[in-house]
Amino acid sequence: MNVQFLIPPVPLAVVAGVGLVIVVGATVTARERWLAWLRRAGMLAMAVAMGVTPAVSVQTRTLTSNLAVLFVVDATGSMAAQDYGDGRRLDGVKADAAALLNALPEAHVGIVEYSSQATEQLPLTTDKQAARTWFDVYDREMTDFSAGSSINRPVEEVRAVLERMQGERYVPVVIVMTDGEATDAMTSRRDEAPDYSAWAPLVEGGFVLGYGTEAGAPMLRRDAAGETGELITAPTGEVAISKANPEALRTIAGQIGVPYVHRSGPGGIEELARELTANASLGEGVEENVYSPIIWPFAVVLALLGAWELFDLMPRVRAVATMSTRRATLDTGGGRR
């Protein structure tokens, strides 16, 4: 048994404490209504239990591979450029990630995303569904909040993640998925030189997967509601064209010590996956608990107690409505006289 805390502990404790004081105080001052307040105490207890969210272990999985695949995913606005076949560059990222996850069912996976900043989106796990869900909703940053594209933005965050893997039983590999473009902005420069050499001693394989063309393509704007249908424009007012930079990607691949692969369409991922598993091995097996939250029993009891509360209140509501009607009738009759 474990607890997940659907509501943070401190606010939940405040709500529970205030509710308990009200219930106890009302029970003492209105003893003739003790049953009603006992019912409300039960409703409070069910709500608090839902907030605590107890969970039980429903599955134990044995890990059989020491391969740790860290996806490093570009989420800058240029990934919306429409030069991956008939789609966007990020559509290629989604398709390749799904194929890799299917081809590596026993591997550990983690995700670092970078745009205006780099963040670890998914810590190392064997939960492939969590990774698939992340890639399903993956999109580039909102246009108005972009701080430009820096080729080196993920370096420090990924290095920190890789360093945490050292000394463990993992065989760490990185999959960099980007177009390699850098732009002139407050925190980036178009001519910025890649520097990924810090990763080289921390990984045992991987790939740099490149998306987009050197000719480039326009990009659609994105806001909180999604794509706006408008094209991103340059400061000059002209339609902005995002151009992939395969030369920078080859440099990155050389610094890390992994191959560079240009991706212009689906297919071929299975061969890449076989190369990733060449240095992996079977482990002794590590058990991992998956917890399932239990909310529905408390919700059912809360609903029943709520229905009882409404049933108990209905006679009073009808009485108040009747008195209001009579008062209105008397007021109307008095006005006529």
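Bear in mind that the values here come from a model prediction, so they are computed numbers and not experimental data. Every chain is numbered on its own, with residues counted from 1 as its sequence reads. Totals for whole chains, interfaces and linings use all residues, but because this is a predicted model, local features are given only for residues with pLDDT of at least 70 and pairs of side-chain atoms are given and counted only at 80 or more. Based on all heavy atoms of the structure, the side-chain values leave hydrogens and waters out of the count.

On to the nonpolar core. For the purposes of this section, nonpolar cores are sets of buried Ala, Val, Leu, Ile, Met, Phe, Trp, Tyr and Cys residues that join through side-chain atoms within 4.5 Å. A simple rule labels every residue: compare its accessible area, found with a 1.4 Å probe on the protein chains alone, to the largest value its type can have, and call it buried under 20%, exposed over 50%, or partly exposed in between. Of all hydrophobic cores here, the largest spans 32 residues; its most connected members are Val69, Phe71, Val73, Phe135, Ile175 and Met177. At the level of secondary structure, the elements contributing two or more residues to this core comprise β3 (67-74), α3 (89-103), β4 (108-114), α4 (128-137), β6 (171-178), β7 (206-211) and α7 (269-276). In this description, contact between two residues means that some pair of their heavy atoms is separated by no more than 4.5 Å. Not counting chain neighbours up to four residues away, the residues in contact with Val73 comprise Val93, Ile111, Val112, Glu113, Tyr114, Trp134, Phe135, Tyr138 and Met177. Core analysis: the second largest hydrophobic core is formed by 26 residues, Val72, Tyr114, Met165 and Val176 among them. The helix and strand labels rest on DSSP assignments: H or I over at least four residues marks a helix, E over at least two residues marks a strand, and numbering proceeds from the N terminus.

Moving on: the packing of aromatic side chains. Only rings of Phe, Tyr and Trp enter the pairing, Trp through its six-membered ring, and a pair is recorded when the two centres are within 6.5 Å. The plane angle decides the type: under 30 degrees is stacked, over 60 is edge-to-face, the rest tilted. Enumeration according to the criterion identifies six aromatic pairs in this entry. When the ring of Phe135 is compared with that of Tyr138, the centres are 6.5 Å apart and the planes differ by 70°; the resulting orientation is edge-to-face. Residue class for Phe135 comes out buried when judged on its relative accessible area of 3%. For Tyr138, a relative accessible area of 3% gives the class buried. Measuring from ring centre to ring centre gives 4.8 Å for Tyr196 and Trp199, while their planes differ by 75°; the resulting arrangement is edge-to-face. Pairwise contacts between aromatic rings join Phe71, Trp134, Phe135 and Tyr138 into one cluster. A cation over an aromatic ring shows up here: Arg39 above the ring of Trp308, its NZ or CZ 4.7 Å from the ring centre. In our convention, an over-ring charge means Lys NZ or Arg CZ found within 6 Å of a ring centre and within 35 degrees of that ring's normal. Above the ring of Trp37, the side-chain terminus of Arg40 is found at 4.6 Å from the ring centroid.

With that settled, consider the sheet that holds β7. Strand pairing follows a simple DSSP-based rule, namely that at least 2 bridges must link the two strands. Taken in spatial order, the six strands make up an open sheet running β5-β4-β3-β6-β7-β12, and their pairing is mixed. Edge strands, defined here as strands with exactly one partner in the open sheet, are β5 (118-125) and β12 (260-263). The average undirected angle you get between the axes of adjacent strands in this sheet is 15°. As judged from the seven bridges shared by β3 and β4, these two strands associate in the parallel manner. Note on β4: the bridge partner recorded for Val72 is Val112. Orientation is described by axes fitted as lines to C-alpha atoms, over the contacting stretch for helices, and by angles from 0 to 180 degrees between their N-to-C directions. Against the sheet, helix α6 (residues 246-256) touches β6, β7 and β12, its axis set at about 175° to β7.

The geometry of α3 relative to α7 is characterised by a closest axis approach of 9 Å and an angle of 50° between their N-to-C directions. Relative to α7, α3 is oriented oblique. Seen from above, α3 lies across α7 with right-handed handedness. Contact residues: α3 offers Asp96, Ala99, Leu100 and Ala103, while α7 offers Ile269, Ala273 and Leu276. Roughly parallel here means an angle under 35 degrees, roughly antiparallel means over 145, roughly perpendicular means 65 to 115, and every remaining angle is called oblique. For any pair of crossing helices, the crossing counts as left-handed if the nearer helix is rotated counterclockwise from the farther one by less than a right angle, and right-handed if it is rotated clockwise.

Turning our eyes to something else, we now look at the pattern of salt bridges. A side chain with one charge can pair with a side chain of the opposite charge if their charged atoms come near. Salt bridge, as used here, is a side-chain nitrogen of Lys or Arg placed within 4 Å of a carboxyl oxygen of Asp or Glu. For the structure on display, the rule yields 12 salt bridges. Note that Asp312 and Arg33 form a salt bridge whose closest N and O atoms lie 3.0 Å from each other. Here Asp312, found in helix α8 (residues 296-336), pairs with Arg33, found in the loop between α1 (9-29) and α2 (34-52); they are 279 residues apart in sequence, far enough to count as distant. A salt bridge links Asp96 to Arg263, with the shortest nitrogen-to-oxygen separation between them at 2.9 Å. Of the two residues, Asp96 is situated in helix α3 and Arg263 in strand β12; the sequence distance between them amounts to 167 residues. Comparing Asp96 with Arg263 shows no difference in burial state: the two are buried.

Another point: α6. Pro246, Ala248, Leu249, Ile252, Ala253 and Ile256 are the residues of α6 that are buried. All buried residues of α6 lie within an arc of 155° about the axis, which places them on one face of the element. Residues of α6 that are exposed and angled more than 90 degrees away from the buried face: Glu247, Arg250 and Gly254. Looking at the packing, one finds that the buried side of α6 touches β6, β7 and β12. Backbone geometry just downstream of α6 places Gly257 in the positive-phi region, at approximately 90°. Directions drawn from the helix axis to the C-beta atoms are what define this arc.

Within the chain, Phe5 stands out as a residue other than glycine whose phi angle is a positive 55°. We note that Thr53 has phi near 55°; this positive angle belongs to a residue other than glycine. Here Thr53 shows up in the loop between α2 and β2 (54-65). Classification of Thr53 as buried rests on a relative accessible area of 4%.

For helix α5 (residues 155-165), the set of buried residues is Val155, Val158, Val161, Leu162 and Met165. Take α5 and look down its axis: the buried residues cluster within an arc of 135°, on one side only. Of the residues one or two after α5, Gly167 is the one with positive phi, at around 85°.

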